[in-house]
Amino acid sequence: MNTFLNYLVVAALFALVLAPAVLGSVRERRIDRQLRDAERGEPPVRRRADRGRPAPAVPSPHPGGPAQCPLLS
């Protein structure tokens, strides 16, 4: 039983040490994918984790309203 607990403790410590590196690597891949898509001009892809979140606000190419029109101000 002691041998099993020793292995379990070593595995838990190993997981705690590697967790930040794995999470950082996953984050870097996500950022690289977003930069690659932006470089190509593709719209952002809605991933499974983003389904519950509202879509990011995209500025309109034609701002409206008389306050923003240079001819009327």
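Residues numbered from 1 in each chain as written. Predicted model: local features only at pLDDT ≥ 70, side-chain atom pairs only at ≥ 80, totals over all residues. Heavy atoms only, no water.

Trainee: Looking at this structure, how should I read the overall build of the protein chain?
Mentor: When helices and strands are counted, the protein chain shows 1 helix and 0 strands. Out of the 73 residues belonging to the protein chain, those deemed buried represent 1%. Carbon and sulfur atoms form 64% of the exposed surface of the protein chain, whose accessible area is close to 7200 Å². (Helix = DSSP H or I, 4+ residues; strand = E, 2+ residues; numbered from the N terminus. Buried < 20%, exposed > 50% of the residue type's maximum accessible area, 1.4 Å probe, protein only. Areas by Shrake-Rupley, 256 points an atom, 1.4 Å probe, with all protein chains shown as cover.)

Trainee: Looking at this structure, how should I read helix α1 (residues 2–40)?
Mentor: Since the α-helix advances by 3.6 residues per turn, residues separated by three or four positions end up pointing in the same direction. The terminal C-alpha atoms of α1 lie 56 Å apart, and with 39 residues this matches the ideal 57 Å at 1.5 Å per residue to within 8%. Within α1, the axis deviates most sharply at Leu-18, by approximately 40 degrees, and proline Pro-20 lies no more than four positions further along. Gly-41, located one to two residues past α1, shows a positive phi value of around 85 degrees. (Expected span 1.5 Å × (residues − 1). Bend = angle between axes of the 7 residues up to and from the residue.)

Trainee: Mind showing me how you'd approach a nonpolar patch on the surface here?
Mentor: The grouping of Met-1, Phe-4, Leu-5 and Leu-8 at the surface amounts to a nonpolar patch, some 460 Å² of accessible area in total. By the element assignment, Met-1 lies in the segment before α1. (Patch = residues over 30% accessible without salt bridge, like charges linked within 9 Å, V, L, I, M, F, W, Y side chains within 5 Å. Salt bridge = Lys/Arg side-chain N within 4 Å of Asp/Glu carboxyl O.)

So far we have only geometry, and geometry alone does not tell us how the molecule works.
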